[in-house]
Each structure stands twice: as structure tokens, then as C-alpha cells.
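A closer look at the structure
Chain by chain, the residues run as shown.
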Amino acid sequence: MVLLRVPSKLIREFKTMRTSSFHLLKPPYSPSVSSYRSRTYCSALVSYNGSPAAVRFCKRARFTKRSEANYVNSAFCTVAQSSNEADIVRSLADKASNKPFIITTPLYYVNASPHMGSAYPTIAADALSRFQRLQGEKVIFITGTDEHGEKIALAAAVNGRAPKEHCDIISEDYQSLWKDLDISYDKFIRTTNSRHEKIVDEFYRRVYDKGDIYRADYEGLYCINCEEFKEEKDLLEHKCCPIHRKPCDFRKEDNFFFALSNYQKELDGLLSSDSKFVQPNFRLNEVVGWVKDGLRDFSISRAAVEWGIPVPMDVKQTIYVWFDALLGYVSALLPEDLEPTLENALNAGWPASVHIIGKDILRFHAVYWPAMLMSAGFPLPKTVFGHGFLTKDGLKMGKSLGNTIEPRDLVSRFGSDAVRYYFLKEIEFGRDGDYSEERFINIVNANLANTIGNLLNRTLGLLKKNCDSRIGIDSLAVASENPVRVAAAEVMRTLKEDFSRLQFSSACEKILSIATTGNVYLDDRAPWSLFKKGVTSAAEAAQDLVTVLEAVRIVAVALSPVTPQLSLRIYLQLGYSVEDYLSLSWEDTNWGALKEGRVMPEAQPVFKKIEVQNSVDSESATETAPIWNQWIFYTIDAQQMGDMSVQQT
Ligand SMILES: Nc1ncnc2c1ncn2[C@@H]1O[C@H](COP(=O)(O)OP(=O)(O)OP(=O)(O)O)[C@@H](O)[C@H]1O
């Protein structure tokens, strides 16, 4: 908990400290801390930003445990550069109650096997989860499969399978792909799980009892691929769905409806009072527009669909797949040893901190879902982040259109780190982006193999040749105005903010810039010459090597949410153990961990350069890669990145 008795002398010191922003709250600031009201407690949020003064402050202010400091850090992270006291209080209250940080991916339809579009938000959610764990958060990362509805029943029939058998096969496919991509999920929910079905049943009854469900006839145009009734004005020529490019069916049914319109005022209020509820901001504007247009009740049952959860009051109908699937985020939380009740699930940490979803399902998550939760009287998720599409020839890559890229193929040819890095770095999360293999190879080679991998490799080569692979001084002794140290500190000042806002592209750019500065520094200083110029110069050269290695170490920690395997290999290469790597925290991005006397193992390439095939324009590869990185090349032998065998050419 971050409530501290802070002596007034320290507060003065704190106020004069040059941190970019900080907040000092006086009680009362949250009901959960009201017992502290009468005392002279205050809560101090400190942004470390690598600043020794801030670290000193935290130590003196009795952050006795690293985990406490991490709480402060991550609380601050959420509100950094915000002067909104409500945010700070909310964040502090969460910390105080030890709430988990819940991250969800969409629950994917099992109409067909996963593709790169399905992998994309899952990789992003994984990077965010790993980042939050580094912050000391107790993360619950939820992913899973959405297995009911007409579209699934049809897909099963086309494949000559019973629906359940079909779901088992495809759901397993997702889980195995997540393994290939190093996805560190905590919960995998399947909506055909009987415990989930109980939760949906209970939720339906609760909303019914509230008076928000009624029966009526409905007629309209239905896109089976979206599993959604469409407004005619939103369709293309010949009543085609703009996403799936297929004509919608006319349907007329006797259905149960959810009274979405009852929540018009509350949703308006939510969207205008909480700008973080939908991210990025331009998606919030979209949602505000939909709500302003007026909310129409939507049908939540299907009379003609058998593959679904029966409607509690009319077993001849099944519950609309979206009304069922959204509750998967809640039922995923159910502890295995407890009864499947809403209360037990919600008590396990609800609400979600962030739902990561594609813009195609934004309306379900940012309009329908909060209204459903309001009706049931449950807390709302804190943020819905709507990302953009991976496109092929301008069209959304998707199972229904069949224009997909196979993530397994990319992983087996280039390794999971390369795939994760490319999609997070090259496509701004929130916007659309096209995939090109040529660009993929160029970026991965230039950034991971050259700028980072070769920097480490050649520095270790010099260390071996001139210092018997031994670190000659503590990295903390490197002058604070050293350009590499300055570059690292500068990046760390805003990196947390980038990761917390899911700005992965900007985060990767910044981390890469540390390695770029290291390369320039090494070339400017030319330690290989200094080693030959006598004792004093040799000592300087040894310090230069430590400087660069410390920078690469920081790069490894900071990039570990995106490239966990590469970061591990760098850590091992710097003489640390797997356990050291697994116990890293965000504090380890601070300068100063490498200590005198550490001996580095024999240098091995940490990232194999992808051999440029004929199809790739090797001239542009050379253009992208800075010249200092051109001195060594490796060929990839088309094996998984876990296999370190490479040939130097
Ligand atoms: N081309 C894509 N680009 C980015 N994300 C995608 C893409 N395709 C699917 N997704 C992600 O998967 C989620 C939806 O999953 P779904 O199972 O409906 O996949 P789909 O391939 O879009 O299916 P279909 O083509 O049948 O609509 C989206 O909200 C998005 O998060």
C-alpha cells in the first residue's frame, strides 16, 4: 500500500525535486482509506524515471519493500502526466485493495483456425501483460474462444463435424498457436464450458428481473459473419456487409430484446465523463457518435439457432452469441474450486482493466457490454482499446474472406520474437497496417540482428580480447553526462507511459534508439584503438565497453515485454541466470546493474540475421541497416529461434 507517514522535511525535499510531475494527496482521498483521515498521512506518488534523487526519496520515505515501491511506480504510471486527481485516487484505491490488473483479448470465433489477425491483439495483450508484471502488478491475462452461434454451427457442418467436436479442434489450435507465440496467458475461457453457461444463465435472469428484457417481433438484415443485425444505411451495394463483403439475409423472428435504450443517458454520461473508457481517442469519438445517434434495443435470442445456450424462460430459443460471449470475460475469472456463480467470478477481481479488441467489435464492447453490466448492477471495465486491422490489398484480413497470413509459417521461418516485434513496432496500435514480407525482413534484420544483436556481439568480442571478458568497473561509475547513459535515462522517462497506453510502436522506437546511441558511441570512441594507447586510454576503453553493455542490458529489460526470448538470450549472454531474468522488474531498467568483476560467457549471436532471399530487395535491406552494423552476417537455417545453431559467413 502506498500510504505513508512522510516527514515534512522529506515533503519539502520531494517538492523541490526535479521530477517531471508528481502529486501529493491529502486525506480524505478514498473511502477505502478513511481510517487514516485523522492522522497526518499523505500519499506520495513518485515517478522514479531513473532519477537517483527519486530513488533516494522512496528509500527514505520507508518504501521498505520493492513491491511497495512498484505499487507506487505503477500507480504513477497509470496517471503519469495527468493532473486529474480522480484518476490518481482510483488508481490508489485499486492498489490499496490489491486488485489484479485484468487484460483480455477478444474471444475468437472458432469458425476457422487462427490467422495473423487473431495473433495480433493477442501479442499486444501479452506485451502489456508482461509490462504490467514488470511493474509489480498481479496480472490476470484472459484469452479464449467464442464457440456458440449460427456461424460456428455452419462451419462445423461444412467440415463434416459435430459442433462440439469442431470447437474442440479449433480451440486447441488457438491454444497451440499461443504457445508458439510465447503468449503468457493466465486463463483460457471457452464459451462452451458448462461453468460459463451457468454464469450466462444467471446473468440473463438478473437482467430479466431488472425488467430490461422483453419479447417482440423483429425483422431486419442480418450478417451471419458479424452475427449482427445491420442498419441498411451501413451496408454497401446489394446489401453487402462492409467488413465481410457478402450480402446480408433478411430475417424475421420472434425474439427477446435487451432494452439498450434504457441506458442512453447513462452511456452518454459515461462517455463524456471518462475519456479513458474508450481508447484511442479517435475511437471514443466514434462511439460517442453512435450513442448520440440514439440507442436501439437489440435482440438477444435466436429462434432458429440450436447451437447456443438455451434462453432460461424459453428453451426453444438460444441466447444471442454476443450476449453469451461477452460474459466469458467474467466467467474466465471463476476460481476452479468455487461454485460457478456470478458472485464468485466477480469477486475474483472484476472489473477488467483493459479489453483489447478490434474495431469491428467496438460497438459490442463499448456500447452493448457496459449497458448490460449497468443493467446487472456490476462495475464496468476501465478501458476498451479498439485496435486497427491488418489488411491485405486494403481489405481486412479475416477467416471469412480467407485472405489471411499464417502466423505459424512466420514463426517457423523467423521465430516468435521477430513476429511479435515486427507487428508491434511497425503498425501503430490502433491504426490499420498492411503486411509486407520484404519490410518484415528488413526491419527485423536492421533492428534486432544488427542494431541490438551485433552491438552486443562486437562489444563482447572486444571485452574478451582486451579484458578477458571481465567487467572492469561498476557501470554506476559511468559519468551521468555520458551520452549513452543520458540516452537511456531520457528514454526511460517516458517509456512506462508508452507501454501503459499501448503505444508499442513508440516504445520499440525509443528502446531501439538506446542501442543506436550505443553503436554511434562505440564507433566514435573506437575503444579498439584506445586499448593500444597505454594504460590510461585502456582504462577509458574498458569503461566504454561497460557503458555499452549496460545500455544493452537496459534494452533487454525494456524490450522484454515484446521480445521475451531475445531479452533472455541477451541476459544469459551478460552472465546472468534464467532465474535472474525471470525475477526482473521495471526498476532494472535503471542504470547501474553491471558490477565490476562480472565475467561474460563466450559471445554467441543473440539474434540470427534472416538471409535475404531473391524475393527481397537486398539494396533496400542495406539502406535500412546502419553501416556500422554491416560488419558481420549470419545465415538462418530455417529452424526455430530457440535453436541457436548459426553459421557465420
Ligand atoms: N485482419 C485483422 N486485423 C487485426 N485484428 C484482427 C483481424 N482479424 C481478426 N482480428 C482480431 O480478431 C477479432 C475478431 O475475431 P474473429 O474470430 O471474429 O476473427 P475474424 O478473422 O475477423 O473472423 P471473420 O473473418 O469470420 O469475421 C477482432 O476483433 C480483432 O481483434
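These numbers were taken from a predicted model, which means no experiment stands behind them.

1. Digging into the sheet that holds strand β11 (residues 298–299)
Neighbouring strands of a sheet are bound in pairs by backbone hydrogen bonds; such pairs are parallel or else antiparallel. Strand order in the open sheet formed by four strands is β8-β7-β9-β11, with antiparallel pairing between adjacent strands. What marks the edges here is a single partner per strand, and that holds for β8 (228–230) and β11.

2. A closer look at the sheet that holds strand β13 (residues 310–311)
In spatial order, the strands read β12-β14-β13; together these three strands make up an open sheet with antiparallel pairing. The outermost strands of the open sheet, each flanked by one partner alone, are β12 (301–302) and β13. As defined by bridge partners, β12 adjoins strand β14 (residues 314–319) across two bridges and the pair is classed as antiparallel. By the bridge assignment for β14, R302 is matched with T318.

3. As for helix α18 (residues 483–500)
Relative to the 26 Å expected for 18 residues at 1.5 Å per residue, α18 spans 27 Å between its end C-alpha atoms, a close match to the ideal helical length. Remark: the principal bend of α18, roughly 40°, maps to T494. For α18, every residue scored as buried is listed here: V484, R485, A487, A488, V491, M492, T494, L495, K496, E497, D498 and F499. Backbone nitrogen of V484 and a side-chain oxygen of the N-cap are separated by 2.8 Å at the start of α18; the cap is N482. Following α18 by one or two positions, L502 adopts a phi angle in the positive range, close to 65°.

4. Considerations on the site of the ligand
Around the ligand, a shell composed of 23 residues is seen, among which H115, H244, K396, M397 and S400 lie nearest. At 2.8 Å from an oxygen atom of the ligand is found a side-chain nitrogen or oxygen belonging to D360. M397 is positioned with one of its backbone polar atoms (N or O) 2.6 Å from a nitrogen atom of the ligand. In the complex, the protein chains occlude 97% of the 600 Å² of accessible area that the ligand would expose alone. Mapping the ligand onto the cavity grids shows that it belongs to the largest cavity. At the level of elements, β4 (101–109), α5 (116–134) and β15 (354–358) are the ones that each hand at least two residues to the shell around the ligand. Looking at the shell around the ligand residue by residue, the class counts come to 10 nonpolar, nine polar and four charged.

5. Re the UniProt feature "domain: Methionyl/Leucyl tRNA synthetase" (unreviewed entry) in the chain
On the UniProt side, "domain: Methionyl/Leucyl tRNA synthetase" (unreviewed entry) is annotated at positions that read residues 233–460 here. In the segment residues 233–460, helix accounts for 41% and strand for 18%; the C-alpha atoms at its two ends are 63 Å apart.

6. A look at the side chain of N225
You can see N225 is positioned in the loop between β7 (213–223) and β8. With residues near it in sequence (within four places) discarded, N225 still touches Y109, K151, H244, K246 and S400.

7. Focus on the pattern of salt bridges
What the rule picks out here adds up to 35 salt bridges. We note a salt bridge from R283 to E286, for which the minimum N-O separation is 3.3 Å. Placement of both R283 and E286 in helix α10 (residues 281–292) is noted, with a separation of three residues, approximately one turn of the helix. Residue class for R283 comes out buried when judged on its relative accessible area of 5%. Within this structure, E147, K164, D168 and R190 form a network of salt bridges that share partners.

Thresholds, definitions, all that
- Residues numbered from 1 in each chain as written.
- Predicted model: local features only at pLDDT ≥ 70, side-chain atom pairs only at ≥ 80, totals over all residues.
- Heavy atoms only, no water.
- Pairing = 2+ DSSP bridges.
- Helix = DSSP H or I, 4+ residues; strand = E, 2+ residues; numbered from the N terminus.
- Expected span 1.5 Å × (residues − 1).
- Bend = angle between axes of the 7 residues up to and from the residue.
- Buried < 20%, exposed > 50% of the residue type's maximum accessible area, 1.4 Å probe, protein only.
- Polar contact = N/O pair within 3.5 Å; in protein donor to acceptor, adjacent residues only side chain to side chain.
- Near = heavy atom within 4 Å.
- Areas by Shrake-Rupley, 256 points an atom, 1.4 Å probe, with all protein chains shown as cover.
- 1 Å grid on protein atoms, 1.4 Å probe; cavity = no way out; pocket = protein on both sides within 12 Å on 5 of 7 lines; lining within 4 Å.
- Sits in = over half its atoms within 2 Å of the grid points.
- Nonpolar A, V, L, I, M, F, W, Y, C, P; charged D, E, K, R; others polar.
- UniProt positions renumbered as here; feature names shortened; annotations may be inferred.
- Contact = heavy atoms within 4.5 Å.
- Salt bridge = Lys/Arg side-chain N within 4 Å of Asp/Glu carboxyl O.

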